[in-house]
Amino acid sequence: MLNTLFSGIFSSTTQTIAVPQFLLCIAVALVIGIFLAAVYSYKTKYTKSFVVTLALLPAVVCVVIMMVNGNVGAGVAVAGAFSLVRFRSVPGTAKEIGTIFLAMGAGLICGMGYLGYAVLFSLILGIAMFILNKVNIGADKRLEQDRILKITIPEDLNYTGAFDDFNVCQNYPEIPTICPVDSNGVLTEEAGQFAGLTTDEANKKIAVYLDENGYLFALKKIIHQYPHCWRCKTPILFRATDQWFCSVEDFKDKACEAIDSVKWIPAWGHDRITNMVKERKDWCISRQRKWGVPIPIFFCKECGEAHIDNDAMMAVADLFEKEGSNAWYSHTAAEILPEGTKCKKCGCTEFEKEKDIMDVWFDSGSSHAAVISKRDNLKFPADLYLEGNDQYRGWFQSSLLTSVATEGVAPYKAVLTHGMILDEEKRKMSKSLGNGISPQDVTEKYGADVLRLWVSSTDYQSDVHISNEILKQISESYRKIRNTARYILGNVYDFNPDTDSVPVNELMPMDKWAIVKLNELIAKVKQAYDNYEFHQVYHSIRNFCVIDMSNFYLDVLKDRLYTEKSDSKSRKAAQTAIYIILNAMTRMISPILAYTSDEIWKYMPHSSNENAENVIFNEMPNQVEIETDADFMSFWDEIHQLRDDVKKSLEVLIKDKTIKSSLEAKVTLKASGEKLEFLKKAEPELAAAFIVSAVEIAENGGELEIAVDKAIGEKCERCWIISETVGTDSEHPHLCKRCCSILK
């Protein structure tokens, strides 16, 4: 049958058409059309109306060709070629119209008897249309893409589609800009039969209308991000409306040069704002709100022309300076404008005020002019601008642009940005989510200084976390810092810095070590403050209080402070050292622990050259000039390390209840070579450093050995040291020889 069907395809003679052949031809054409339509419908989700169109058109063309020529095979071939091209084109485009005319041409060629040429013509047509479908050929292609985009995502015509519509139509001046949606989100009369519907209602009805009338190319719902109002969380509608713009093109390069002169903290802020400024287009400075700073523009009542005049603007500025910006709403245009003001276009003397307000970023971005430049106690440019890392597009950039446009320089010397506060689920804290932790609650539970200490403990350059567990940890750190200060305050109650201080170079070796450690802390803290690295301030001070002071120096110092004669040089040396430490530490923590530092300052003694009223009236501390070297610090650092090793051995005996405290112990250290030499040199300091009653040094010919035994002797009731000298003085039978000499 098929052999008969295509037997005359390349013959130049005509054939008589029989009814069975006619019906067979239609059937084959329908099968071809339906098959191609079904395949493409499966791939692209075509609508049913378009599938029917694809199926019927080849059959119609086939019948036309048969009527002209009578060749069944040629009719089927041309119909198949036309079907291939037809389903590859978009309805209503030049490609589709061209395809129809070309198919008709193929039918005419058949009618002239050149059947073979007709088939070749159809094949060439199919190849050409396929190529054209792949290549962007100008306006048709752009309009096709635009039409496809609009219909593919009908739910988002207010956003994605609207932007693309606008951008595409900018290439066609003959297409006007219209906005068929009013400020309430309802379609206007420009929307024709859809007028009065909300955008949500219209989206659905427009899609149905397109489908029923065969204009719908494809319909598919997708899940994607869409802008919502930050306050009420409802979707935002985008409309094409008249706005006021400020061009930045003329000074964009100068703004980038100004960026280079600013210190950006963190450093990546430089590249971030530079890229934003370079890519920035015109600045829309108008907003449609009922509150805000008004735009000082007037419109002619007669012709609607905008009256932009220097005298008019200065009149507004003078009025605002006297009464504030609310005067715009309490005075009429006639009361604001200079007498005799006329429209420059038509001469009318009646005007209406602009209803739009100024973009809040333009408003806040002008604060350098309204605040810094207007006050004698401030200077321009500002030393620092501080805000969240979302302000590179906002306040930082608007301030930069307004300043460069008017002053030619950036309004700030440095810009510091911080991350956002996240909850335990890593969500940004906000009032709308209700996941915030109230500062008042933290203050009531832990105190304001704990909250301030938490802020300083975070690396604010990235997003930070807060929770009750974190606050508990911070409160523990605060307690260690506070207790360090409290301990020192309790031991300088009888110390007068002006009369009792011992020169720093006459302090005892351990005191000198503590002062050098303080100098290292001062250097770290100063550098951290200069670089706004407040978490480094927190960690440095905390570690100093815990590791250097509480765990070592202040612990060792107890014996000297509690047992030595009150006016002895050794005790005064200890008081001098801890006074210097407390004085410097209080000044260093004052920017963070404001209340605690103020409290410490009120209770501690002061020298005559200090302001005793409040710590903030005094300068940050400078390093103490003291004569030490690297060998000295290395020597004491090694004692510190040895103490830690000895403490581990002591803890074993205390745990076994062999001894109750370290003062009941005697430590024997055995070593050889350089280690033995070090131990002999350090021997006078070791008993006090280990807080034990006795230390013995011996040689073993090998590595360091630490042995801890129970000390021999009786316990001194005054210093608690176990000593064989207890009871040797008849006047004080329960005291050791050292305590007896102190009491005499």
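The coordinates are above.
Residues numbered from 1 in each chain as written. Predicted model: local features only at pLDDT ≥ 70, side-chain atom pairs only at ≥ 80, totals over all residues. Heavy atoms only, no water.

Visitor: Before we go on, may I ask you to explain the overall build of the protein chain in this structure?
Guide: Looking only at helices and strands, the protein chain features 28 helices and 17 strands. A buried classification covers 43% of the 744 residues belonging to the protein chain. Considering only intrachain contacts with a sequence separation of at least 6, the fraction spanning at least 24 residues in the protein chain is 69%. (Helix = DSSP H or I, 4+ residues; strand = E, 2+ residues; numbered from the N terminus. Buried < 20%, exposed > 50% of the residue type's maximum accessible area, 1.4 Å probe, protein only. Contact = heavy atoms within 4.5 Å.)

Visitor: Teacher, can you tell me more about the pattern of salt bridges here?
Guide: Pairs can form between side chains of opposite charge whenever their charged atoms are close. Tallied over the full model, the rule gives 25 salt bridges. Note that arginine 482 and glutamate 599 form a salt bridge whose closest N and O atoms lie 3.3 Å from each other. One end of the pair, arginine 482, is in helix α20 (residues 468–489); the other, glutamate 599, is in helix α25 (residues 594–603), and 117 residues separate them in sequence. Given a relative accessible area of 32%, arginine 482 falls into the partly exposed group. (Salt bridge = Lys/Arg side-chain N within 4 Å of Asp/Glu carboxyl O.)

Visitor: Just checking my understanding: could you explain the sheet that holds strand β13 (residues 665–671) for this structure?
Guide: To summarise the sheet geometry, strands pair through backbone hydrogen bonds and adopt either a parallel or an antiparallel arrangement. Pairing within the open sheet is mixed, and its 3 strands lie in the order β14-β13-β15. Unpaired on one side and paired on the other, β14 (694–699) and β15 (705–710) mark the two borders of the sheet. The average undirected angle you get between the axes of adjacent strands in this sheet is 20 degrees. Here β13 pairs with β14 via 6 bridges, running parallel. Bridge pairing in β14 links leucine 669 to isoleucine 697. Against the sheet, helix α26 (residues 630–655) engages β13 and β15, with an angle of about 40 degrees to β15. Contacts from helix α27 (residues 673–690) reach β13 and β14 within the one sheet, and its direction differs from that of β14 by about 170 degrees. (Pairing = 2+ DSSP bridges. Axes fitted to C-alpha atoms, helices over the stretch in contact; angles between N-to-C directions.)

Visitor: Any chance you could explain helix α24 (residues 569–589) here in plain terms?
Guide: Residues separated by three or four positions in an α-helix point in the same direction, a consequence of the helix having 3.6 residues per turn. Over its 21 residues, α24 extends 30 Å from the first C-alpha to the last, a length consistent with the 30 Å expected when each residue adds 1.5 Å. Counting buried residues along α24, 20 of its 21 residues qualify, which places the element largely inside the surrounding structure. (Expected span 1.5 Å × (residues − 1).)

Visitor: I tried to follow the environment of alanine 485 on my own but got confused; where do I start?
Guide: Take alanine 485: it is sitting in helix α20. As for alanine 485 and cysteine 545, which are separated by 60 residues in sequence, their C-alpha atoms are 8.9 Å apart. For alanine 485, the contacting residues outside a window of four places in its chain are Leu582, Met585 and Ile600.

Visitor: Can you help me understand the packing of helix α23 (residues 534–563) against α26 in this one?
Guide: At a minimum axis distance of 12 Å, the contact between α23 and α26 shows a crossing angle of 85 degrees. One element, α23, and the other, α26, form an angle in the roughly perpendicular class. For the pair α23 and α26, contact is made by Ile547, Asp548, Asn551, Phe552, Asp555 and Val556 and by Trp636, His640, Arg643 and Lys647, respectively. Taken together, the residues of the contact of α23 with α26 sort by class into 4 nonpolar, 2 polar and 4 charged. (Parallel < 35°, antiparallel > 145°, perpendicular 65-115°, else oblique. Nonpolar A, V, L, I, M, F, W, Y, C, P; charged D, E, K, R; others polar.)

Visitor: Would you mind going over empty space enclosed by the protein with me for this structure?
Guide: Rolled over the atoms, a probe with the dimensions of a water molecule shows which regions are left empty. This model, assessed by the stated rule, comprises 1 cavity of 30 Å³ or more. Taken as a whole, the largest cavity spans an internal volume of roughly 50 Å³. Lining the largest cavity, in full, are Leu453, Ile481, Val537, Tyr538, Ile541, Ile589, Ile592 and Leu593. Classifying every residue of the lining of the largest cavity by side-chain character gives 8 nonpolar, no polar and no charged. (1 Å grid on protein atoms, 1.4 Å probe; cavity = no way out; pocket = protein on both sides within 12 Å on 5 of 7 lines; lining within 4 Å. Points joined across faces, edges and corners; volume = space filled by probe spheres on them.)

Visitor: What exactly am I supposed to notice about the packing of helix α18 (residues 439–446) against helix α19 (residues 448–457) here?
Guide: Two quantities define a packed helix pair, namely the angle between the axes and the distance from one axis to the other. Running from N to C, α18 and α19 cross one another at 115 degrees; their axes reach a closest spacing of 6 Å. Contacts from Pro439, Val442, Thr443 and Tyr446 of α18 reach α19 at Ala448, Val450 and Leu451.

Visitor: Looking at this model, I keep getting lost on the packing of aromatic side chains. Mind explaining?
Guide: Each aromatic ring pair is characterised by the separation of its centres together with the angle its planes make. Considering all chains together, one arrives at 18 aromatic pairs under this definition. Ring centres of tyrosine 385 and tryptophan 395 lie 4.4 Å apart, and the angle between their planes is 20 degrees; this geometry places the pair in the stacked category. A residue pair is termed long-range when its members are at least 10 positions apart, and tyrosine 385 in strand β9 (residues 385–388) and tryptophan 395 in helix α17 (residues 395–407) qualify at 10 residues. For the pair tyrosine 385 and tryptophan 395, one class covers both residues: buried. When the centroid spacing of 6.4 Å and the interplanar angle of 75 degrees are considered together, the rings of tyrosine 532 and phenylalanine 534 count as edge-to-face. For phenylalanine 534, a relative accessible area of 29% corresponds to the partly exposed category. Linked through ring pairs, Trp264, Trp268, Tyr385, Tyr392, Trp395, Phe396 and Tyr412 together constitute an aromatic cluster. If you follow arginine 280 out to its NZ or CZ, it ends over the ring of tryptophan 283, 4.8 Å from the centre. The ring of tryptophan 720 carries lysine 715 above its face, with NZ or CZ at 4.8 Å from the centroid. (Phe/Tyr/Trp six-rings, centres within 6.5 Å; stacked < 30°, edge-to-face > 60°. Lys NZ or Arg CZ within 6 Å of the ring centre and 35° of its normal.)

Visitor: How should I be thinking about the side chain of asparagine 618 in this particular structure?
Guide: Inspection of the secondary structure assignment puts asparagine 618 in the loop between α25 and α26. Since its relative accessible area comes to 16%, asparagine 618 is described here as buried. A distance of 2.9 Å separates a polar side-chain atom of asparagine 618 from the backbone nitrogen of asparagine 611. For asparagine 618, the residues in contact, after removing those within four places along its chain, are Arg587, Trp601, Glu610 and Asn611. (Polar contact = N/O pair within 3.5 Å; in protein donor to acceptor, adjacent residues only side chain to side chain.)

Functional significance is not addressed by these values, which are geometric in nature.
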